[in-house]
Amino acid sequence: MAGLAANPLLAQKVCKNQYPCGSCAMQDNNGNDLAGFTRNYKKQLLNSGSKVVEHADDQWGYLLVRTVQVPSVSSKWETKGVLDYSAYIRTTLAMNKTKAGATATWWARECNLDNGPLVQVKAKDEGKVEMEQQRYEKVMSGLGSKKLTLVEYLDTFNMRDYDYLLKSHIVAKCGAIDQDDYKNIVDFFNGFIGKFSYVDDPVLTKNSFITFVKGNSGTRFIAYFNVVNGKLSGKLDALDIQYDRDRDSVVKRTFNRLTGKTIYIYGDDSFGLDKTIIQYAKANDLKLRRRKTSATMKFNDER
């Protein structure tokens, strides 16, 4: 299922060159670079990231990310090292908020492949990035001890990146979560995570999870999780259901992203989607199990 690995909006041709231009990714790409990202979105990082860190008592990680197109560097012998503006490589810019402060980083995939090797090319720092910089490996290592990392993206994302780089995580569109909703989100998913004895359990790989939570602002959210590489890999969306066809679309889109044959529905209110979920599960030979937030049995204990 393509949606499991990468946002379908990311579909692009393979780049004939292997690497992106490092200085372009950092500070020389007409503002579509790490310097522009930190300058324009630092306030967003501090507002949202600080709330997540505070409400989670520093037990959650927070990343704000943006995807940009960066010119590649020619791999041909006769033009080796020359910038190729006709062949771009999709590059992720990221800022990380912790209790101690904020850092910035970036990475790309070689040859613009969704599953290509990760790369961060060395580039001279000219002081244009208004934030401490770290290699992406160091940033991700620092997030390794967190219960969950919330990744908010501005445009598109490649889920493979976070499945590989992070431990348990949930990805959400920037702006979907109101500033007043972060506490509800943190409290709810802390409860959800608490229903696992441990996630690195082979038994869990056959299961997927659909969760429902309502924010303090009144916004209703649906989130799905798969167990990938012994970690919870999730995506959260705000629900906008106005017509019956919207229910069908939400349920179909969510189930298309699931890898398990047993689907847990977790939460105290499914926001009118129960009937549609049951119908879809029956039509696709999927087993459903309902769990309220008050349930005490661990997901690991069910067979």
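This one's a predicted model, so the numbers in the text were calculated from it and none came from an experiment.

1. A closer look at the overall build of the protein chain
For step 1, the next point in the chain: The helix and strand inventory of the protein chain stands at 8 helices and 13 strands.
For step 2, the next point in the chain: On C-alpha atoms alone, the protein chain measures out to a radius of gyration of 20 Å, which is about the 19 Å that the 2.2 N^0.38 rule sets for 303 residues.
For step 3, the next point in the chain: Within the protein chain, the proportion of its 303 residues that are buried is 53%.
For step 4, the next point in the chain: When the accessible area of the protein chain is evaluated, it comes to approximately 14,300 Å², of which 47% is carbon and sulfur surface.

2. Some remarks on the packing of helix 7 (residues 244-255) against helix 8 (residues 274-283)
For step 1, the next point in the chain: Across the interface, helix 7 lies against helix 8 with an axial gap of 10 Å and an inter-helix angle of 50°. By the angle class used here, helix 7 and helix 8 are oblique. In this structure, helix 7 meets helix 8 at a crossing whose hand is right-handed. On helix 8, the residues touching Arg-247, Asp-248, Val-251, Lys-252 and Phe-255 of helix 7 are Thr-276, Ile-277 and Tyr-280.

3. Structural notes on the packing of helix 3 (residues 34-55) against helix 6 (residues 182-193)
For step 1, the next point in the chain: Put simply, helix 3 and helix 6 touch, their axes get as near as 9 Å, and they point 40° apart. In terms of orientation, helix 3 and helix 6 fall into the oblique class. Both helix 3 and helix 6 take part in a crossing whose hand is right-handed. Between helix 3 and helix 6, the residues in contact are Ser-48, Lys-51, Val-52 and His-55 and Tyr-182, Lys-183 and Val-186, respectively.
For step 2, the next point in the chain: Its residues assigned to classes, the contact of helix 3 with helix 6 comprises 3 nonpolar, 2 polar and 2 charged.

4. Some remarks on the packing of aromatic side chains
For step 1, the next point in the chain: Taken as a whole and assessed by the stated rule, the structure comprises 21 aromatic pairs.
For step 2, the next point in the chain: Ring geometry for Phe-192 and Phe-209: centres 5.8 Å apart, planes at 75°, overall edge-to-face. Pair noted here: Phe-192 is in helix 6 and Phe-209 is in strand 9 (residues 207-214), with a separation of 17 residues, a long-range link.
For step 3, the next point in the chain: On the accessibility criterion, Phe-209 (0% relative accessible area) is buried.
For step 4, the next point in the chain: Grouped by ring-pair contacts, the aromatic residues Phe-188, Phe-189, Phe-192, Phe-196, Phe-209, Phe-225, Tyr-264, Tyr-266 and Phe-299 constitute a single cluster.

5. With respect to unusual backbone geometry
For step 1, the next point in the chain: You will see that Asp-57, though not glycine, has its phi angle at about 55°, which is positive.
For step 2, the next point in the chain: Note on placement: Asp-57 falls in the loop between helix 3 and strand 2 (60-73).
For step 3, the next point in the chain: Despite not being glycine, Asn-229 has its phi angle at roughly 55°, a positive value.
For step 4, the next point in the chain: Tracing the backbone through its elements, the reader meets Asn-229 in the loop between strand 10 (220-228) and strand 11 (231-238).

6. Considerations on the pattern of salt bridges
For step 1, the next point in the chain: Inspection of every chain in the model, using the stated rule, returns 14 salt bridges.
For step 2, the next point in the chain: We note a salt bridge from Asp-187 to Lys-183, for which the minimum N-O separation is 2.7 Å. Placement of both Asp-187 and Lys-183 in helix 6 is noted, with a separation of 4 residues, approximately one turn of the helix.
For step 3, the next point in the chain: A relative accessible area of 43% means that Lys-183 is categorised as partly exposed.

7. Some points on the side chain of Asn-96
For step 1, the next point in the chain: Examined against the element boundaries, Asn-96 turns out to sit in strand 3 (residues 83-97).
For step 2, the next point in the chain: Its relative accessible area of 6% is what places Asn-96 among the buried residues.
For step 3, the next point in the chain: Among residues more than four places away in sequence, those in contact with Asn-96 are Leu-45, Tyr-62, Leu-63, Gly-101, Ala-102, Thr-103, Val-139 and Leu-143.

8. Observations regarding the nonpolar core
For step 1, the next point in the chain: With 54 residues, the main nonpolar core has Trp-60, Leu-150, Phe-189, Phe-192 and Leu-236 as its most contacted residues.
For step 2, the next point in the chain: Broken down by element, the residue count for this core peaks at 7 residues, all from helix 6.
For step 3, the next point in the chain: Trp-60 has contacts with Val-52, Lys-146, Lys-147, Leu-148, Leu-150, Ile-185, Val-186, Phe-189 and Asn-190, leaving out every residue within four places of it along the chain.
For step 4, the next point in the chain: Membership of the second largest hydrophobic core comes to 35 residues, among which are Met-159, Ile-210, Ile-265 and Phe-271.

Calculation notes
In every chain, residue numbers begin from 1 and rise along the written sequence. Local features are withheld for residues below a pLDDT of 70 in this predicted model, meaning they are given only at 70 or higher, and side-chain atom pairs are given and counted only at 80 or more; totals for whole chains, interfaces and linings count all residues. For the side-chain quantities, the full set of heavy atoms in the structure was used; hydrogens and water were omitted. Numbering of helices and strands runs from the N terminus; a helix is a DSSP stretch of H or I covering at least four residues, while a strand is a stretch of E covering at least two. With C-alpha atoms as the basis for the radius of gyration, the globule rule is written as 2.2 Å multiplied by the number of residues raised to the power 0.38. Think of it in three bands: residues with accessible area under 20% of the maximum for their type are buried, residues over 50% are exposed, and the middle band is partly exposed, with areas taken using a 1.4 Å probe on protein chains only. Using a 1.4 Å probe, accessible areas were evaluated by the Shrake-Rupley method; residue-level cover was limited to the displayed protein chains. Lines fitted to C-alpha atoms define the axes here, with helix axes fitted over just the stretch in contact, and angles between the N-to-C directions of these axes take values from 0 to 180 degrees. Throughout, the term roughly parallel applies to angles under 35 degrees, roughly antiparallel to angles over 145, roughly perpendicular to angles from 65 to 115, and oblique to all others. If you view the pair so one helix is near and one far, a crossing is left-handed when the near helix is turned anticlockwise from the far one by less than a right angle, and right-handed when it is turned clockwise. Residues count as neighbours in contact if any of their non-hydrogen atoms are within 4.5 Å of one another. Under the scheme applied, nonpolar residues are Ala, Val, Leu, Ile, Met, Phe, Trp, Tyr, Cys and Pro; charged residues are Asp, Glu, Lys and Arg; polar residues are all the others, including Gly. The rule is short: rings of Phe, Tyr and Trp, with Trp giving its six-membered ring, pair when the centres are within 6.5 Å, and they are stacked under 30 degrees, edge-to-face over 60, tilted in between. The salt bridge definition used is simple: a Lys or Arg side-chain nitrogen within 4 Å of an Asp or Glu carboxyl oxygen. In this description, a nonpolar core means a group of buried Ala, Val, Leu, Ile, Met, Phe, Trp, Tyr and Cys residues linked to one another through side-chain atoms lying within 4.5 Å.

Keep in mind these numbers describe shape, not what the thing actually does.
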